[in-house]
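Below, each chain spelled out in residue letters.
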Amino acid sequence: MREIVLDTETTGFEPSEGHRIVEIGALELWNHLPTGKTYHVYINPERDMPEEAFGVHGIGPDLLPAPRQPKPGEVTLKDKPVFRAVAQSFLDFVTDARLVIHNASFDMKFLNAELSWVGLPQLPMQQATDTLAMARQKFPGSPATLDALCRRFGVDNSARDKHGALLDSEILAEVYLELIGGRQPDFALATGGHGGGASAAGGEPDWRPRPRPNPLPPRITQDEAAAHTAFVQGMGDSALWSEFN
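None of these values were measured; they are calculated from a predicted model.

Q: Go over the side chain of aspartate 7, please, and point to the residues and values.
A: Of note, aspartate 7 is situated in strand 1 (residues 2-10). Setting aside its immediate chain neighbours within four residues, aspartate 7 contacts Glu23, Ile24, Gly25, Asp107, Gly164, Ala165, Asp168 and Ser169.

Set out below in structure tokens:
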């Protein structure tokens, strides 16, 4: 099963108000295990960067109302591709995989708005799994932000001083695996595999336990068997053991 854990950063909250995507980060899971394949791009939103949005992700100091030189760790956007230039490569990476997104309705409305503006097919909402909804259902009444879930599950998010799409996707992948029951909910025994029968985790062939072609011989000796029989008989006919003989 192929899944894409995904996050975006934007200039604001509503594409209907002219806000745009400035970063997409995504990584691939196969049978709930990371394959190492990622997709990451910064995007020129072709508009200014509100101070409030910049304070969240630190992207685009050159698009602020009063543009300035970037500080270490800040990304400029004027030289980055516009969405039209990266839209098809994004769709090619995602294909029809299940999308794992925290607060999926937010990211999906931006992705579909951007796709519609360049005349490309939109992503169906049913393709997305919302980890925010999963967390609220599993832990009703508890905080369900990504940071709160990291604290709950002991996921290291110490590098997350600012929001970043790829880093947040990597953190979300760990949180998602905890939400569904741990890193290997099926103990990595699922049939099928990535790339013609190879495990995505390390390139090893897929493996499932099968019956032995020849049963192992009993290891109990005749004397031990006789002693056990005598012991059970000594317990009387009402002994529970007699029901299994």
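Q: With reference to specific residues and values, describe the nonpolar core.
A: Counting 27 residues, the largest nonpolar core has Ile24, Tyr39, Phe83, Phe90, Leu99 and Leu123 as its most contacted members. Elements with a minimum of two residues in this core: strand 1, strand 2 (21-30), strand 3 (33-42), helix 2 (83-94), strand 4 (98-101) and helix 3 (104-117). If you tally residues by element for this core, the top one is helix 2, at 7 residues. With residues up to four places along the chain from it excluded, the contact list for phenylalanine 90 reads Leu6, Ile24, Tyr39, Leu111 and Leu123.

Q: Summarise the pairing of strand 3; cite the residues concerned and give the values.
A: Across 7 bridges, strand 2 lies against strand 3 in antiparallel orientation. The residue bridging leucine 27 from the neighbouring strand is threonine 38, located in strand 3. Linking strand 2 back to strand 3 in an antiparallel pair, the connection comprises 2 residues, with asparagine 31 at a positive phi of about 55 degrees.

Q: Could you give an account of the environment of isoleucine 101, naming the residues involved and the relevant values?
A: With respect to the helices, strands and loops of the structure, isoleucine 101 is situated in strand 4. According to the relative accessible area criterion, isoleucine 101 is buried, its value standing at 0%. Isoleucine 101 sits 95 residues away from leucine 6 along the chain, and the two C-alpha atoms are 5.5 Å apart. In this structure isoleucine 101 touches Leu6, Asp107, Met108, Ala128, Thr129, Asp130, Thr131, Leu132 and Leu172, once residues within four positions along its chain are discounted.

Q: Report on unusual backbone geometry, specifying residues and quantitative values.
A: Not every positive phi belongs to a glycine, and glutamate 46 is a case in point at roughly 60 degrees. Tracing the chain through its elements places glutamate 46 in the loop between strand 3 and helix 1 (51-57). The phi dihedral of asparagine 103 falls on the positive side, at around 65 degrees, and the residue is not glycine. Within the secondary structure layout, asparagine 103 lies in the loop between strand 4 and helix 3.

Q: Requested: an account of the sheet that holds strand 4, with residues and values cited.
A: One open sheet holds the 5 strands; their spatial order is 3-2-1-4-5, and the pairing between them is mixed. In the strand order of this sheet, the two ends are held by strand 3 and strand 5 (128-130), each with one partner. Taking the axes of each pair of neighbouring strands and ignoring which way they run, one obtains an average angle of 25 degrees across the sheet. Across the sheet, helix 2 touches strand 1, strand 2, strand 3 and strand 4, and the angle it forms with strand 3 is around 170 degrees. Sitting on the sheet, helix 4 (residues 131-138) touches strand 4 and strand 5, and the angle it makes with strand 5 is about 40 degrees.

Q: Could you give me a rundown of the packing of aromatic side chains, with the residues and numbers involved?
A: Applying the stated rule across the entire model yields 4 aromatic pairs. Between phenylalanine 106 and phenylalanine 110, the ring centres sit 5.1 Å apart and the planes meet at 50 degrees, which makes this aromatic pair tilted. In this pair, phenylalanine 106 and phenylalanine 110 are both assigned in helix 3, 4 residues apart and thus about one turn of the helix distant. With a relative accessible area of 18%, phenylalanine 106 lands in the buried category. Exposure remark for phenylalanine 110: the relative accessible area of 0% places this residue in the buried category. Site record: aromatic cluster; members linked through ring pairs are Tyr39, Phe90 and Phe93. Arginine 2 extends its terminal NZ or CZ atom over the ring of phenylalanine 93, reaching a point 5.6 Å from the ring centre.

What counts, and at which threshold
- What you see as residue numbers is a count from 1 along each chain, following the sequence as written.
- Thresholds applied to this predicted model are a pLDDT of at least 70 for local features of residues and 80 or more for the giving and counting of side-chain atom pairs; totals over whole chains, interfaces and linings are not thresholded and use all residues.
- Just so you know, side-chain values use all the structure's heavy atoms and leave hydrogens and water out.
- Where helices and strands are cited, they refer to DSSP runs of H or I of at least four residues and of E of at least two residues respectively, numbered from the N terminus.
- By definition in these notes, contact holds between two residues if any of their heavy atoms fall within 4.5 Å.
- The definition of a nonpolar core used throughout is a set of buried Ala, Val, Leu, Ile, Met, Phe, Trp, Tyr and Cys residues joined through side-chain atoms within 4.5 Å.
- With a 1.4 Å probe rolled over the protein chains alone, any residue whose accessible area is under 20% of its type maximum counts as buried; one over 50% counts as exposed, and the rest are partly exposed.
- One bridge is not enough; two strands pair if DSSP finds at least two bridges between them.
- Here an axis means a line fitted to C-alpha atoms, over the contact stretch when the element is a helix, while the angle between two N-to-C directions is reported on a 0 to 180 degree scale.
- Within 6.5 Å between ring centres, the rings of Phe, Tyr and Trp (the latter by its six-membered ring) count as paired, and their orientation is classed by plane angle as stacked under 30 degrees, edge-to-face over 60, tilted in between.
- Counted as over-ring charges are cases with an Arg CZ or a Lys NZ within 6 Å of the ring centre that also lie within 35 degrees of the ring normal.

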